[in-house]
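Results of the structural survey
Residues per chain, in single letters:
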Amino acid sequence: MSVTAPKKLTRIMDGLLARFDYAGLRVLVVEPDEDSRAALVRALLALGLPRPTEAANAAEAVAQAAELEPEMVLCDTLLEGPDGIDGLELLFRIRSDSTTLPPGIPVVVLAGETGSFGVIEAKRLGVDGFLVKPVPPKRLAARLNALLMRRFPERVTWDA
């Protein structure tokens, strides 16, 4: 069995082809709905990312984050769980408490609609991007492309 190299995210800018290397990128997906979470994971794997870590609620996300130290988080705004923490509270903790996750970690919020209170509050808390569910794979790829290339320029190679 041969191991293939991970796919590289590509983008054309000013006539140059940019490639983002996903190898080893640690992603945490926080989504309460099991089917939606599985669809997101499949889409991320199809893009060539390593298998993301999954959490169904904020308590699981905090525990997973402590162990994983993710480099990016995809988080639903509506989380339910025994701890009573929703996606906005988790985002607040990520942004204000450096012991939860490293400061400046890219966070993409998943929401049912763009005009909801959750989206407005997430903007105030400094979210890096939004995706409206259900998330089409091409839109997911475009959002991650822009976000990851800005956040991790050392992982980008440019070809003429």
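Relevant structure appears above.
Residues numbered from 1 in each chain as written. Predicted model: local features only at pLDDT ≥ 70, side-chain atom pairs only at ≥ 80, totals over all residues. Heavy atoms only, no water.

Quick word on the environment of alanine 111
For the record, the criterion: Helix numbering and strand numbering both begin at the N terminus, where a helix is a DSSP run of H or I of at least 4 residues and a strand a DSSP run of E of at least 2. With a 1.4 Å probe rolled over the protein chains alone, any residue whose accessible area is under 20% of its type maximum counts as buried; one over 50% counts as exposed, and the rest are partly exposed.
Structurally, alanine 111 is set in strand β6 (residues 107-111). Classification of alanine 111 as buried rests on a relative accessible area of 3%. Sequence spacing of alanine 111 and leucine 78 is 33 residues, and the spatial spacing of their C-alpha atoms is 7.7 Å.

Here we look at the pairing of strand β3 (residues 27-30)
Our working definition: A pair of strands is labelled paired if DSSP reports no fewer than 2 bridges between them. For a crossover, the right-handed case is the one in which the path from the first strand over the helix to the second runs clockwise, viewed with the strands pointing away from the viewer.
The side-chain alternation of β3 yields two buried faces, one formed by Val27 and Val29 and the other by Leu28 and Val30. Pairing analysis gives four bridges linking β3 to strand β5 (residues 72-76), with the strands arranged parallel. Within β5, the position partnered with valine 30 by the bridge is cysteine 75. Bridge count for β3 against strand β4 (residues 53-55) is three bridges, and the pairing is parallel. Residue pairing for β4: leucine 28 is matched across the bridge by threonine 53. Between the parallel pair β3 and β4, the chain is carried across by helix α1 (residues 34-47), and the sense of this crossover is right-handed.

Some thoughts on the pattern of salt bridges
Applied cut-off: We define a salt bridge as a contact between a side-chain nitrogen of Lys or Arg and a carboxyl oxygen of Asp or Glu at a distance within 4 Å.
In this structure the tally under the stated criterion is six salt bridges. Lysine 133 is the partner of glutamate 31 in a salt bridge, and the nearest nitrogen-oxygen pair spans 3.2 Å. Separated by 102 residues along the polypeptide, glutamate 31 in the loop between β3 and α1 and lysine 133 in the loop between β7 (129-132) and α5 (137-151) bring together distant segments of the chain. The partner of arginine 37 in a salt bridge is glutamate 54, and the shortest N-O contact between them spans 3.2 Å.

Fair warning: the whole summary comes from geometry, so function is off the table for now.
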